[in-house]
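So the chains spell out like this:
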Amino acid sequence: MNFLAHTLLSGTNSDVQVGNLLGEFVKGRLENYHPPGITTDMLVGVRLHRIIDDFTDHHPITRRSKSRLVDEYGLLSGILVDMFYDYVLAREWATYSVLPLPLFAQQFYEAVDRYRPFLPASMQSTVQSMISRDWFTNYATLEGIEWSLRGIGRRFPPAAGIERSITQLERDYAFFKADFEEFWPDLSQRCFDYLSSIN
């Protein structure tokens, strides 16, 4: 799953949401990871990020989605499914959240911005771009997904050119939407179980 799904699955605690984003950039064991300004709830978010990634990578439905892309994109099919699912989520947002997407996005950006002085240097350009270009709202458009995929290709040269996959996303949207709708309840339950276990 990509950033929008990760954030929504974090619940309403903004520290957990920001920690979930942090989880994209923090690797290794967390037992001794206690930098200044990083709260306990943010560490919950980091762990949740890892749970989401592991659950998604091993689920048969996401594997089915990848199978539609793997012949052309190989190992990059996982990146594409993450982005395609965020596109579905953004397009169908009213089904999954009571807050309008622009409001949800703005609240998250404000939370991330408050913690920006404490976030690692590796996150800073991502956070700046996410806020200034309003990634979450733009995930609801093919143009936004294309721009995001092009950015991945710039940062990760083996993925250069994967933005051409939006033609398949547009053509096969119904298939990816159906996969997402089948997968989301399982993933939501897994996240709910984890967050409930620590409260």
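The next thing to look at is the overall build of the chain. The helix and strand tally for the chain stands at 12 helices and zero strands. Scanning the chain from its N terminus toward the C terminus, one meets helices and strands in the order α-α-α-α-α-α-α-α-α-α-α-α. Taken over C-alpha atoms, the radius of gyration comes to 16 Å for the chain, in line with the 16 Å a tight globule of 199 residues would show. Restricting to contacts in the chain with at least 6 residues of sequence separation, those with at least 24 account for 72%. With the model as given, the accessible surface of the chain reaches about 9,700 Å², and the carbon-plus-sulfur share is 54%. Charged side chains in the chain number 19 positive and 25 negative. The centres of these two groups are separated by 4 Å.

Moving on to the environment of Y139. For Y139, the position within the fold is in the loop between α9 (135-138) and α10 (142-155). Note: C-alpha distance between Y139 and Y85 (54 residues apart in sequence) is 9.7 Å. Residues within four places of Y139 in sequence aside, it is in contact with N2, F3, L4, M83, D86, Y87, A90, I145 and S148. Within the structure, Y139 has its side chain in polar contact with the side chain of N2 (distance 3.0 Å).

Applying the stated rule across the entire model yields 15 aromatic pairs. Lying over the aromatic face of F176, R68 brings its terminal NZ or CZ to 5.9 Å of the ring centre. The aromatic ring of Y173 is capped on one face by R91, whose charged end is 4.5 Å from the ring centroid.

Per the stated rule, a full pass over the model turns up 10 salt bridges. R64 is the salt-bridge partner of D179, the closest N and O atoms lying 2.8 Å from each other. Note that D179 is positioned in helix α12 (residues 173-197) and R64 in helix α4 (residues 60-67), a separation of 115 residues in sequence. You can call D179 buried: its relative accessible area is 2%. On the accessibility criterion, R64 (34% relative accessible area) is partly exposed. Among the salt bridges present, the one from E146 reaches R150, with a minimum N-O distance of 3.2 Å. Linking E146 with R150, this pair stays in helix α10, spanning four residues, or about one helical turn. According to the relative accessible area criterion, E146 is partly exposed, its value standing at 25%.

The next point concerns unusual backbone geometry. At D134, a position not held by glycine, the phi torsion is positive, near 50 degrees. With a relative accessible area of 25%, D134 lands in the partly exposed category.

The rules behind each value
- Residues numbered from 1 in each chain as written.
- Predicted model: local features only at pLDDT ≥ 70, side-chain atom pairs only at ≥ 80, totals over all residues.
- Heavy atoms only, no water.
- Helix = DSSP H or I, 4+ residues; strand = E, 2+ residues; numbered from the N terminus.
- Rg over C-alpha atoms; globule rule 2.2 N^0.38 Å.
- Contact = heavy atoms within 4.5 Å.
- Areas by Shrake-Rupley, 256 points an atom, 1.4 Å probe, with all protein chains shown as cover.
- Lys, Arg positive; Asp, Glu negative; His and termini not counted.
- Charge placed at Lys NZ, Arg CZ, Asp CG, Glu CD.
- Polar contact = N/O pair within 3.5 Å; in protein donor to acceptor, adjacent residues only side chain to side chain.
- Phe/Tyr/Trp six-rings, centres within 6.5 Å; stacked < 30°, edge-to-face > 60°.
- Lys NZ or Arg CZ within 6 Å of the ring centre and 35° of its normal.
- Salt bridge = Lys/Arg side-chain N within 4 Å of Asp/Glu carboxyl O.
- Buried < 20%, exposed > 50% of the residue type's maximum accessible area, 1.4 Å probe, protein only.

Any functional reading would require information beyond the geometric quantities listed.
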